[in-house]
Structure formats: C-alpha cells, structure tokens
Amino acid sequence: MFHKIDPQSLTRGESLGQGSFTQIYKGIKKDQGEDGHYQTEVVLKVMDGSHRNCSESFLEAASIMSQLSHKHLVLLHGVSLGKDSECIMVQEYVRYGPLDLYLKKNQGEGKVTTSWKLQVAKQLAYALNYLEDKKITHGNVSAKKVLLTREGDAASGSPPFIKLNDPGVSVSVLAKEMLVERIPWVAPECLSDPRSLALPADKWSFGATLWEIFSGGNMPLSLLEPQKKLDFYQSNLQLPAPKWTELATLIAQCMDYQPGRRPCFRALIRDLNSLITSDYELLSDLSPTEV
Ligand code: ATP
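None of the values given here were measured: they were computed from a predicted structure.

What counts and how
Residues numbered from 1 in each chain as written. Predicted model: local features only at pLDDT ≥ 70, side-chain atom pairs only at ≥ 80, totals over all residues. Heavy atoms only, no water. Helix = DSSP H or I, 4+ residues; strand = E, 2+ residues; numbered from the N terminus. Buried < 20%, exposed > 50% of the residue type's maximum accessible area, 1.4 Å probe, protein only. Arc of directions from axis to C-beta. Axes fitted to C-alpha atoms, helices over the stretch in contact; angles between N-to-C directions. Parallel < 35°, antiparallel > 145°, perpendicular 65-115°, else oblique. Left-handed = near helix turned anticlockwise from the far one by under 90°. Contact = heavy atoms within 4.5 Å. Nonpolar A, V, L, I, M, F, W, Y, C, P; charged D, E, K, R; others polar.

### Description of unusual backbone geometry
Backbone phi values are negative for most residues with the exception of glycine, while trans is the configuration of most peptide bonds. With an omega of 10 degrees, the peptide bond between Ile 183 and Pro 184 qualifies as cis. If you trace the backbone, Pro 184 turns up in the loop between α4 (176-181) and α5 (188-192). Backbone geometry places Asn 236, a non-glycine residue, at a positive phi of 50 degrees. For Asn 236, the location among the structural elements is in the loop between α7 (226-234) and α8 (245-254).

See the structure below:
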C-alpha cells in the first residue's frame, strides 16, 4: 500500500535520535528527473528486522500515512526494505524537530507566546479532525510527535507551522511497561485493554498534549515511577487544572475517563477558536501547578 523506494537511492547522514524500536537519521534521497538527478532531504526511520510484530505494525503505520495527505501531517515518501529485513520509513525532514524539545529550549525567550501555543494547538486539532473524518485513529499523540516546520515570529505576526508525525508501532502490540511509560498521553481504556484503541483515545491524548504545550513542554507526571503513574489512572485522577479556566475546561473534556463523553475535534476546534489569549495573559501565574 506504499511506494517502495530503492535502498540504493538513499544516503544515511547524521543520527537524529531514536524511537522505541527505531534509529532515526537525516538522509538524502536521489531521484532521476527529466532534466537530470535531484536530491531531497529526508528522514530515515530504520527498524531492524528482529522485532517481527513491531515491524508489521510499523509497516501498517507507514501504509496508513501513505494514504493520507494533509498540510499538518508529515509526508511519507515511501518505504525501503534494506538488508537483514531492515524496514526504512522515508519521510520528509522537518527542520525544527519535535515540539516538546522546542518548547523546553525556547521557553521564556519571547519566541513562544500564548498565542503561538494556541496556533500550534489549533493546527494539531485540524490534523486530528482530518483523521477523525476519515475514521482513522492515530494512537500516539503527544508533543514529541508534533514536529515544527516553521518557527513563526511573534513580532511580525507570522504563525508557526506544525506537522503531526506517524504514530510508530501501535499500542496494540506494545508491552505493558511501554504503555505505562506513555501515561498520561495514552488513553486509560488502552492501558486496561489495548484493543480498545479507537478514535476517543486521540481525544484523551490531545488533552494531555494541550496541557503539555501550555506548560512549556513539561509533563511532571511522566517522570513518576511506573506504579505511581498506574495509581493515577486507577484513582481516576486529573492533571492539575491550568489557571486559564476555559483551557482547563477543554482539557478536562478531552481527558474524561469515559471515552464516549469526549468531544469531537470539530467541537474542540470551535472551542479553541473562542479562546482569547488576552484572558490568559492577564493571569499573573501562567503555568499550572506541578503534579
Ligand atoms: P516511538 O515508536 O517511540 O513513538 P518512533 O520510532 O516513531 O517513536 P519518533 O518519536 O517519531 O520515532 O522520532 C524520534 C525522534 O527523531 C524525534 O523526537 C525527532 O527528534 C526525530 N524525528 C523523527 N521524525 C522526524 C522528521 N520527520 N523530521 C525531523 N526529525 C524527526
């Protein structure tokens, strides 16, 4: 279901990091055009063939991404099957990297204002609304999966631009410990039974990601011991409410322990559009209290 890329046309460059089962590299893809060769900057997500179930799930993620086209979704060029059953997902290279790191790095530098964060949140909601319309569950939404194509500039009013990355290996094949690591982004129903992964799970994760974005890329809960994280879900706890009441209400609606009560993305976009950043900027203490 995806475009196959000849491994010979790919050159591996510097390492960009790693995912749960993958090594990620910057790379170059060479193609033959009508008037000669041309080169494209790409990202190579390499999964070695030793994780069999995971490879299948990884290819499934690639297959889903290749059927989609949206300005706020990362573009998948195709998949390349390398030596030793290596699978390589070839994606567009997104210059400013993952949002969680960007927020941490640029907090307090005047680059990341409240309205900047709100624009990012809306763009993410548009991407998820597109998936919801197509009845496709992403299953791994967090600020780490949001990549920044354009930084934007608060002074000149040019907005940032984000792209949601592929979900990687599905929660339905991940070991329980890995799901626990994903608290509070993973929906509670998926933790009890990964087969419950469905559209409402993305709404929960979107709520957690909103919280993360507005707290500057921090998520203190994710640093707790596994048992403490499990206790959090088992006791139906909530992340501390941000002081911006309207934002807090939105997050609480997404992070409802009953999946059927979470709002659709169309409604979430409408609510995000009605948030007025000046209300937030009037508050003296902007960050939510720590968990
Ligand atoms: P997991 O299965 O653990 O969720 P993954 O294998 O799908 O992860 P990612 O989390 O998507 O991997 O990527 C890991 C890191 O690689 C990112 O945090 C980012 O730094 C870098 N990266 C991934 N994709 C891109 C891209 N398209 N452009 C630029 N950097 C990227």
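### Describing helix α2 (residues 99-106)
For α2, the complete set of buried residues consists of Leu 99, Asp 100, Tyr 102, Leu 103 and Asn 106. Within α2, the buried residues cover an arc of 165 degrees as seen down the axis, which keeps them to one side. Just downstream of α2 lies Gly 108, where phi reads positive at about 80 degrees.

### Considerations on the packing of helix α6 (residues 199-214) against α8
One way to put it is that α6 packs onto α8 with a least axis distance of 7 Å and a crossing angle of 150 degrees. The orientation of α6 relative to α8 falls into the category roughly antiparallel. α6 and α8 meet at a crossing whose hand is left-handed. Between α6 and α8, the residues in contact are Lys 203, Trp 204, Phe 206, Gly 207, Leu 210, Trp 211 and Phe 214 and Leu 247, Leu 250, Ile 251 and Cys 254, respectively. When the residues that make up the contact of α6 with α8 are grouped by side-chain class, the tally is 9 nonpolar, 1 polar and 1 charged.

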